[in-house]
Amino acid sequence: MQKHLGYAKWVFGLIAACVITISAQEPEASTVQVQTSAKVNALTVSKTSQGVFSGHVSGMTLTASPQAPPGAGAAPGIVVEQGNGDALKASLLAVKEYFVAQNRWHGDKEYRLGFEATSHPHEGESFSLGAALLYDALDTSVALDDKVCVSGKLTSEGTVERVGGIAGKLAAAADAGFSTVIIPASNAYVFEDMVILNRQSTLSRFQIIGVDHFEQARQVATSGKSQEVQTALTLYGRIMNLIRKEGATHEGLMETLNKKSVSSAIDQILTAIPQHLSAHCLRAIAKGAGPTTLSPKGSASTIDRLWPKLLGADSTGTGIEQSEARKAALAELDRVTPLLDASSANYVAAVRHYANLLAGNNGSEDCHNRLREAASSIDTERQYIQQKLRSN
């Protein structure tokens, strides 16, 4: 009996020691590193002196701090440190409303949105998707992937709507070395236009994710991706390398895309990320159904870019240098004309008529008058197209 009693005391002592040890270790095991600041790579555009929109990558941050007491200047929602435009403020209010509806908004904190020091403005609705991703990162204490760029307008229902300047934004992302870009699905036509104009370069420089809803963006933008999503992004990165090596010609690209291993990889990518626009484009090209005609807006923008060069407005230097610049622009116009949408037929015809008159210009007053009339016709056609695009 004494022996059993001693054994019981020993077991009880061991259990007590374990409980004490676990209790002592508990606070350390349950400690969670709470994020107070998060950063995302946001895309923006600014208009150059020549009227062209140029894209930029801006580091955008969101910082959380305890809410100031009432009457001490506290502002509900997200406070913007730079870029106080009404459009930006309204879009950030939609971000708050979305998380309120999800029961995830913390009213006891103040959130400040800031941008890295840059010379271009930060204004507009296209920052709101990035702002929502920042808030989610703070709320979950999971950082965002620093290799991903984003642009999109978020509504209070969590849907992602179309934004402007996507072509310039995508070019800026690629130039800055970012290979994964999240844009609204409704802007997919811009990416397709880029594929039509520069197929190999576009398909091998980055992968574009077109999203309709915040959750689709979050699964790609977060650093805590699922294994399936991470594998899909890695697979597309390998396909990009293959396109760089083997896809310089149409035949080489088709041969690459129809390899069994590449075809299977594309299927796997689209299973993990159904909104992967680049993978969808590759699948369509492999089946001979890739995009071949520029969108109405893409057609007009292409002519907008070329005709000032034909005029010589973008040229500096000697007359010979300007003449060479015009020849290069005319050659580019010849290349893209078969790709243009039918809605731009009159616009491109007016530009080509001007180019022909310019080539035969003998300096006479009659030639100058005809050139002025031709330039006026270009302006008229351009305004007509812009009006149609706005109405659509």
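Because the structure is a prediction, the values reported are computed rather than measured.

K.L.:
Explain the pairing of strand β8 (residues 180-184) here, please?
P.N.:
Each regular strand shows side chains that alternate between the opposite faces of the sheet. Here β8 lies mainly inside the structure; five of its five residues are buried. Looking at chain direction, strand β5 (residues 148-150) and β8 are connected through three bridges and run parallel. Opposite Val148, over in β8, you have Thr180 as the bridge partner. Inspection of the sheet shows β8 paired to strand β9 (residues 207-211) by five bridges, in the parallel sense. Paired with Thr180 across the bridge in β9 is Gln207.

K.L.:
Would you mind showing me how to read helix α10 (residues 260-272) here?
P.N.:
Since the α-helix packs 3.6 residues into each turn, any two residues three or four apart lie on the same face. For α10, spanning 13 residues, the distance from its first C-alpha to its last is 19 Å, which sits close to the expected 18 Å at 1.5 Å a residue. Where α10 is concerned, the buried positions are Val262, Ala265, Ile266, Ile269, Leu270 and Ala272. Along the axis of α10, the buried residues cluster in a sector spanning 160°; they form a single face. Summarising the geometry of α10, the exposed residues directed more than 90 degrees from the buried face are Lys260 and Thr271. Check the buried side of α10 and you find it contacts α7 (214-221), α8 (227-246), α9 (250-257) and α11 (277-286).

K.L.:
Sorry, what's going on with the nonpolar core here?
P.N.:
Burial of nonpolar side chains together is a common tendency in soluble globular proteins. In this structure, Leu113, Leu129, Ile182 and Leu203 are the most contacted members of the largest nonpolar core, which totals 80 residues. Counting 24 residues, the second largest nonpolar core, distinct from the first, contains Ile303, Leu306, Ala355 and Leu357.

Parameters and conventions
- Along each chain, the written sequence defines residue order, and numbers are assigned to residues from 1.
- Only residues with pLDDT of at least 70 are given local features in this predicted model, and only at 80 or more are side-chain atom pairs given and counted; all residues enter the totals for whole chains, interfaces and linings.
- Only heavy atoms go into the side-chain values, all of them from the structure, while hydrogens and water stay out.
- Exposure is judged per residue with a 1.4 Å probe applied to protein chains only, and the accessible area is read against the type maximum: over 50% gives exposed, under 20% gives buried, and values in between give partly exposed.
- By the criteria applied, helices consist of DSSP H or I runs no shorter than four residues and strands consist of E runs no shorter than two, each listed in order from the N terminus.
- Strands are treated as partners if at least two bridges between them are detected by DSSP.
- A helix's residues, less one, multiplied by 1.5 Å, set its expected span.
- Picture the helix axis, draw a direction to every C-beta atom, and the arc is the one those directions span.
- By definition in these notes, contact holds between two residues if any of their heavy atoms fall within 4.5 Å.
- Put simply, a nonpolar core is a bunch of buried Ala, Val, Leu, Ile, Met, Phe, Trp, Tyr and Cys residues held in one set by side-chain atoms that sit within 4.5 Å of each other.

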